[in-house]
2 protein chains.
Amino acid sequence: MEKYVVGLMSGTSLDGVDAALVKIEGFGEETKVQLIEFINEDIPMDLKREILDCFSVERSNVELICSVNFKLGYLFSEAAKKVCQKANFDIKKLDLIGSHGQTVYHIPVPYKNMVLSTLQIGEPSVIAYETGVTVVSNFRTMDMAAKGQGAPLVPYTEYLLYRSDKNRVLQNIGGIGNVTVLPTNCTLDQMYAFDTGPGNMIIDEVTKRLKGQKYDKGGYFASQGKVNEELLNELMSIEYINAAPPKTTGREFFGSQFVDVLLEKWNNLSAEDLIATVTMFTAKSIAVNYRNYVFNRYPINEVILGGGGSYNNTLVKMLQELLPECKIMIQEDLGYSSDAKEAIAFAVLANETANGMASNVLGATGAKERVILGNITPVPYQR
Amino acid sequence: MEKYVVGLMSGTSLDGVDAALVKIEGFGEETKVQLIEFINEDIPMDLKREILDCFSVERSNVELICSVNFKLGYLFSEAAKKVCQKANFDIKKLDLIGSHGQTVYHIPVPYKNMVLSTLQIGEPSVIAYETGVTVVSNFRTMDMAAKGQGAPLVPYTEYLLYRSDKNRVLQNIGGIGNVTVLPTNCTLDQMYAFDTGPGNMIIDEVTKRLKGQKYDKGGYFASQGKVNEELLNELMSIEYINAAPPKTTGREFFGSQFVDVLLEKWNNLSAEDLIATVTMFTAKSIAVNYRNYVFNRYPINEVILGGGGSYNNTLVKMLQELLPECKIMIQEDLGYSSDAKEAIAFAVLANETANGMASNVLGATGAKERVILGNITPVPYQR
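Only a predicted model underlies this, so the values are computations on that prediction, with no experimental measurement involved. Every chain is numbered independently, its residues counted from 1 as its sequence is written. In the order they appear in the text, chains get letters beginning with A and ligands get numbers beginning with 1. In keeping with the model being predicted, local features are shown solely for residues with a pLDDT of at least 70 and side-chain atom pairs are shown and tallied solely at 80 or more, while totals for entire chains, interfaces and linings include all residues. For side-chain calculations, the full set of non-hydrogen atoms in the structure is used, while hydrogens and water are omitted.

A short note on the interface of chain B and chain A
Part 1 of the reasoning: Whether two residues are in contact is decided by their heavy atoms, any of which lying within 4.5 Å being enough. Of the residues lining the interface, 56 residues belong to chain B; the matching set on chain A comes to 56 residues.
Part 2 of the reasoning: For any pair of parts, buried area is found by adding up, for both, the accessible area (1.4 Å probe) each one loses once the two are put together. Of the roughly 4,700 Å² buried between chain B and chain A, counting both surfaces, carbon and sulfur atoms make up 62%.
Part 3 of the reasoning: On the chain B side of the contact with chain A, Val 62, Glu 63 and Tyr 129 of chain B bury the most area, a combined 15% of that side's loss.
Part 4 of the reasoning: Salt bridges are counted wherever a side-chain nitrogen of Lys or Arg sits within 4 Å of a carboxyl oxygen of Asp or Glu. At the surface where chain B touches chain A, the tally comes to zero salt bridges.
Part 5 of the reasoning: Distance and chemistry together define a polar contact, namely a pair of N or O atoms within 3.5 Å, with one atom able to donate a hydrogen and the other to accept it when in protein, and with adjacent residues in sequence counting only for side-chain atoms on both sides. Scanning the region where chain B abuts chain A turns up 29 residue pairs in polar contact (both at pLDDT 80 or more).
Part 6 of the reasoning: Its residues assigned to classes, the side of chain B that touches chain A shows 34 nonpolar, 14 polar and eight charged. Think of it as three bins: nonpolar holds Ala, Val, Leu, Ile, Met, Phe, Trp, Tyr, Cys and Pro, charged holds Asp, Glu, Lys and Arg, and polar takes everything else, Gly as well.

Structure, rendered in structure tokens:
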């Protein structure tokens, strides 16, 4: 039986509320998903400032969190309505809304008097009331009740949607690069995932400082430069890149300070050459990790890129040259969308919960057991 | 079909977590409830201090709220387990837990940049995981989504449990006195409620100052004194007491400053006489309000007392003398318990939500429409 579901996601970067309208057939291993429409709804400036205050231990307080929880409920409702309007889809026919909410705090490891916990806000009662649709929300808390870290939750959807009769890897290129390995017709226990190294964060930072742009759009600057082999070799010798998984990359390591040192030492290179070289560093760190820790176990046929880096054409071209035996694809080649990926994930997780299916991946969150995620807020009208 | 449900309540006074195990038959107008067991679980001192910090705009922050939300989830789970243990009832046979949560903030009227909202914490995922029972929680938010004040929610349960073939009033004597009028076989729209004046708050404050006790246990001090008619007449002339409903009593009015003035002016009276007089003031303010605003519409047969004041025997005796035509009863006479009343209410509200029934009372909260209250957190184990 097919269901129409909206998935809602607002990340910590506050670059808008993602809303994906999808058609889902079946559930569990039989799940089939088709993206119908996607929008990114702006967060008004005043509210963005209040959310930023909610993130801060110094500036947050109970009154603000109480109020912003409801304000976000209204904003999420708007996003759900708009994605349906854009698709010309009658919201009354919607079966479910899956709302991730806005994470305002996350304590994945207890410390002092603080216990394992997480806090997502965006009141589901408001969303259910304003839209007239059943809402599934608060996915992360149940994984943490089961002693997991509450994140990442996306691997389960990746398993459902990308597992195939081919050996596939999903390579996400966000700030950090991370790979999920999905062998031919694998089980949930056979999938594994690890960080490959930097994603866009060094490229973005260098581009910002030398070109005044937020990121290297389409890989244009990198395409104008030449890779400096000496610098590339130095970068590739970083211990982390060659270490065996399991490994997670600290965002701290490849951050602002890393770029300070890089730019000071290599100030003889042109901006384009520098950008080309750090772009190649991301591509090569991915390729080397595949050769050392994936290809030795599975002959990979397909690499499916996601995240902002999948829109960097120079990076994609470099990766294809480094991995000639693989077919390199982006989300769009499969009818999905990198932008919409997380919102789609929460539509799928909502459908799993509504069908009584557990949807955390123990190998991803470290939870003690598989559990059904989230609360259900019913349509508030008595029949 | 009968269901076993635990209701959990923790009030803003932080005098422990109330847990009531009840057997419920039917739902809606057919609801029958039997109290099986009740406990009040202490809140550990450290946690109490953290909750008090959560109440405060100055001392609260997002990290603390995130952590305390989970800590309260564990405490509520313990309370649910203990009330079942005490009743020798296998928690696996429990159908539902209704958890009010701990209100940490409530904005019933918008102001500045704050919207109509409320915040109850005590993570339901933790309760569902730890007990293995479906949890209904967060009752107040949906009423506020429907533009209600989110409180009071108890009138609906009062309607279900106390409506009868008699003309009844429910008189709650907490800090403030308030009456709910339930005419013979009334509908939800026919019930009405208003504040009668002070409940225990003047009695408690005078007893504390003159006798060093938290309250006049069983009405002992009052029973040793003599009512001073002059003081009583002065108190009864307060405009509020004789005003027509709708009316709500500000707790502020009968608070600490009120007692300051009282004790200074009447310092010639003995402690016992003063306590007897303010006890009679509560009784007489109730009786006068009935004569003026209830008996003129319905000949009342039964007065059912609730709240701490129902355990003040002197107060009850005075009330019986002032209302000789009514049968005065306490919750216990009906097989209920004043202590357990609110916890029972949230067990009943959980059962209503699980059965798809709306359970706010428009005349009580001011909501625009009747709505199903709360989120449902399913048992987290896939079948």
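Read on for the rest.
A few points about the pairing of strand 1 (residues 2-10) of chain A
Residues and elements named next belong to chain A.
Part 1 of the reasoning: Burial classes follow relative accessibility: with a 1.4 Å probe on protein chains only, a residue under 20% of its type's maximum area counts as buried, one over 50% as exposed, and anything between as partly exposed. Helix and strand assignments follow DSSP, with helices taken as H or I runs no shorter than four residues and strands as E runs no shorter than two, numbered in order from the N terminus. The buried fraction of strand 1 amounts to eight of the nine residues, a majority that puts the element mostly inside the structure.
Part 2 of the reasoning: Two strands pair if DSSP finds at least two bridges between them. Note: strand 1 against strand 2 (residues 17-25), nine bridges, orientation antiparallel. Pairing of Met 9 across the sheet is with Asp 18, part of strand 2.
Part 3 of the reasoning: Connecting strand 1 to the antiparallel partner strand 2 that follows it, the hairpin turn spans six residues, and Leu 14 within it adopts a positive phi of roughly 55°.
Part 4 of the reasoning: Bridging between strand 1 and strand 4 (residues 96-107) involves five bridges; their strand directions are parallel. Residue Val 6 lies in a different strand from strand 4, and its bridge partner there is Ile 97.

Comments concerning the relation of the copies chain B and chain A
Part 1 of the reasoning: To superpose the copies, least squares is applied to the C-alpha atoms of every residue with a pLDDT of at least 70 in both. Least-squares fitting of chain B to chain A yields an RMSD of 0.1 Å, with the superposition described by an axial translation of 0.1 Å and a rotation of 180°. As the rotation angle and translation indicate, the two copies are arranged about a two-fold axis.
Part 2 of the reasoning: Same-surface contact between copies: 100% of interface residues of chain B are shared with the interface of chain A.

Some thoughts on the pattern of salt bridges
Residue and element names in this part refer to chain A.
Part 1 of the reasoning: If you walk through the whole model with that rule in mind, you get 38 salt bridges over all chains.
Part 2 of the reasoning: Measuring nitrogen to oxygen at the nearest pair gives 3.7 Å for the salt bridge that ties Glu 78 to Lys 81. Pair noted here: Glu 78 and Lys 81 are both in helix 2 (residues 62-86), with a separation of three residues, about one helical turn.
Part 3 of the reasoning: Among the ionic pairs, Lys 341 bridges to Glu 158, the shortest N-O distance being 2.7 Å. Of this pair, Lys 341 sits in helix 13 (residues 341-354) while Glu 158 sits in helix 5 (residues 154-162); the two residues are 183 residues apart in sequence, bridging distant segments of the chain. Comparing Lys 341 with Glu 158 shows no difference in burial state: the two are buried.

A short note on helix 1 (residues 45-55) of chain B
Part 1 of the reasoning: All of the buried residues in helix 1 of chain B are Leu 47, Glu 50, Ile 51 and Cys 54 of chain B. Buried residues of helix 1 of chain B, viewed axially, fall in a sector of 100°; they line one side.
Part 2 of the reasoning: Packed against the buried residues of helix 1 of chain B are helix 2 of chain A together with helix 2 (62-86) and strand 4 (96-107) of chain B. In this description, the arc belongs to the directions extending from the helix axis to the C-beta atoms.

Focus: the environment of Val 135 of chain B
Residues and elements named next belong to chain B.
Part 1 of the reasoning: Mapped onto the elements, Val 135 comes out in strand 6 (residues 135-137).
Part 2 of the reasoning: A sequence separation of 103 residues divides Val 135 from Lys 32, and the C-alpha atoms of the two residues are 20 Å apart.
Part 3 of the reasoning: Setting aside residues no more than four positions away along its own chain, Val 135 makes contact with Ile 97, Ser 99, Pro 124, Ile 127, Ala 128, Asn 375, Ile 376 and Thr 377.

A closer look at the packing of aromatic side chains
Residue and element names in this part refer to chain A.
Part 1 of the reasoning: Stacked, edge-to-face and tilted are the three classes for Phe, Tyr and Trp ring pairs, Trp counted by its six-membered ring, which pair at centre distances within 6.5 Å; planes under 30 degrees apart are stacked, over 60 edge-to-face, the rest tilted. Going through the model one piece at a time under the given rule, you end up with 22 aromatic pairs over all chains.
Part 2 of the reasoning: With a centroid separation of 6.0 Å and an interplanar angle of 55°, the aromatic rings of Tyr 290 and Phe 295 are classed as tilted. For the pair formed by Tyr 290 and Phe 295, the shared burial category is buried.
Part 3 of the reasoning: Put simply, the rings of Phe 253, Phe 254, Phe 258 and Phe 281 pair up and form one aromatic cluster.
Part 4 of the reasoning: Lysine NZ or arginine CZ positioned within 6 Å of the ring centre and within 35 degrees of the ring normal marks a charge as sitting over the ring. A cation over a ring is seen here: Arg 163 above Tyr 159, with NZ or CZ 4.5 Å from the ring centre.

Side note on the UniProt feature "binding site: ATP" (unreviewed entry) in chain A
Residue and element names in this part refer to chain A.
Part 1 of the reasoning: UniProt positions are given in the numbering used here, feature names are shortened, and annotations may be inferred rather than shown by experiment. Summarizing the sequence annotation, UniProt attributes the feature "binding site: ATP" (unreviewed entry) to Gly 11, Thr 12, Ser 13, Leu 14, Asp 15, Gly 16, Val 17 and Asp 18 in the numbering used throughout.
Part 2 of the reasoning: For Val 17, the location among the structural elements is in strand 2.
Part 3 of the reasoning: According to the relative accessible area criterion, Val 17 is buried, its value standing at 0%.
Part 4 of the reasoning: Not counting chain neighbours up to four residues away, the residues in contact with Val 17 comprise Met 9, Ser 10, Ile 39, Asn 40, Glu 41, Ile 43, Leu 75, Phe 76 and Ala 79.
Part 5 of the reasoning: In this structure, Asp 18 sits in strand 2.
Part 6 of the reasoning: Classification of Asp 18 as buried rests on a relative accessible area of 15%.
Part 7 of the reasoning: Setting aside residues up to four positions removed in sequence, Asp 18 forms contacts with Gly 7, Leu 8, Met 9, Phe 38, Ile 39, Asn 40, Asp 339 and Ala 343.

Things to note about the state of the cysteines
Part 1 of the reasoning: In what follows, a disulfide is any cysteine sulfur pair within 2.5 Å. Within the structure shown, the criterion is met by zero disulfides over all chains.
Part 2 of the reasoning: Left unpaired, Cys 186 of chain A is separated from the closest cysteine sulfur, that of Cys 326 of chain A, by 17 Å.

Looking at the confidence of the model for chain A
Part 1 of the reasoning: How sure the predictor is of each residue is captured by pLDDT, a score from 0 to 100. In the predicted model, chain A carries a mean pLDDT of 94, and 99% of its residues have values of at least 70.
Part 2 of the reasoning: Interface confidence in the predicted complex, given as ipTM, is 0.88; pTM for the same model is 0.88.

Some words on the nonpolar core
Part 1 of the reasoning: Grouped together as the largest cluster of nonpolar side chains are 169 residues, with contacts concentrated most on Leu 94 of chain A together with Leu 94 and Ile 344 of chain B.
Part 2 of the reasoning: Leave out the neighbours within four places in its chain, and Leu 94 of chain B touches Tyr 4, Val 5, Val 6, Leu 21, Cys 84, Phe 89 and Val 133 of chain B.
Part 3 of the reasoning: Membership of the second largest hydrophobic core comes to 54 residues, among which are Tyr 240, Ala 283, Leu 315 and Ile 328 of chain A. Among buried residues, the Ala, Val, Leu, Ile, Met, Phe, Trp, Tyr and Cys ones that are joined through side-chain atoms within 4.5 Å form a nonpolar core.

Remarks on the environment of Lys 48 of chain B
Part 1 of the reasoning: By secondary structure assignment, the location of Lys 48 of chain B is in helix 1.
Part 2 of the reasoning: Linking Lys 48 of chain B and Val 68 of chain B, residues 20 residues apart in sequence, is a C-alpha distance of 9.9 Å.

Let's talk about unusual backbone geometry
Part 1 of the reasoning: Between Ala 151 of chain A and Pro 152 of chain A the backbone carries a cis peptide bond, its omega angle lying at -10°.
Part 2 of the reasoning: The phi angle at Lys 112 of chain B is positive, at roughly 40°, despite the residue not being glycine.
Part 3 of the reasoning: Tracing the backbone shows Lys 112 of chain B in the loop between strand 4 and strand 5 (117-121).
Part 4 of the reasoning: Unlike most non-glycine residues, Asn 138 of chain B shows phi in positive territory, near 60°.
Part 5 of the reasoning: Looking at where Asn 138 of chain B falls in the secondary structure, it is placed in the loop between strand 6 and helix 4 (139-145).

A word on the packing of helix 6 (residues 201-211) of chain A against helix 10 (residues 256-265) of chain A
All names here are of chain A.
Part 1 of the reasoning: Viewed as axis vectors pointing N to C, helix 6 and helix 10 meet at an angle of 60°, and their least axial separation amounts to 10 Å. With respect to helix 10, the axis of helix 6 lies oblique. Crossing geometry of helix 6 relative to helix 10 is assigned as right-handed. The residues of helix 10 that touch helix 6, namely those facing Ile 202, Glu 205, Val 206, Arg 209 and Leu 210, are Ser 256, Phe 258, Val 259, Asp 260, Leu 262 and Leu 263.
Part 2 of the reasoning: Split by residue class, the contact of helix 6 with helix 10 holds seven nonpolar, one polar and three charged. Helix axes are fitted to C-alpha atoms over the stretch in contact, other axes to C-alpha atoms as well, and angles between N-to-C directions run from 0 to 180 degrees. With respect to orientation, any angle under 35 degrees is reported as roughly parallel, any angle over 145 as roughly antiparallel, any angle of 65 to 115 as roughly perpendicular, and every other angle as oblique. By definition, turning the near helix anticlockwise from the far helix through less than a right angle yields a left-handed crossing, and turning it clockwise yields a right-handed one.

Points about the sheet that holds strand 10 (residues 302-306) of chain A
Residue and element names in this part refer to chain A.
Part 1 of the reasoning: Strands sit in the order 9-8-7-10-11 across an open sheet of five strands; the sheet is mixed. Edge positions in the open sheet fall to strand 9 (192-198) and strand 11 (327-330), since each of these has one partner strand only. Neighbour to neighbour, the strand axes of the sheet diverge by 25° on average, direction disregarded.
Part 2 of the reasoning: Of the strand pairs in this sheet, strand 7 (residues 168-173) and strand 8 (residues 176-182) are connected by six bridges, and their pairing is antiparallel.

Some words on the side chain of Gln 171 of chain A
Part 1 of the reasoning: In this fold, Gln 171 of chain A is placed in strand 7.
Part 2 of the reasoning: The contacts of Gln 171 of chain A, once residues within four sequence positions are left out, are Gly 177, Asn 178, Val 179, Thr 196, Ile 286, Tyr 290, Val 303, Ile 304, Leu 305 and Gly 306 of chain A.

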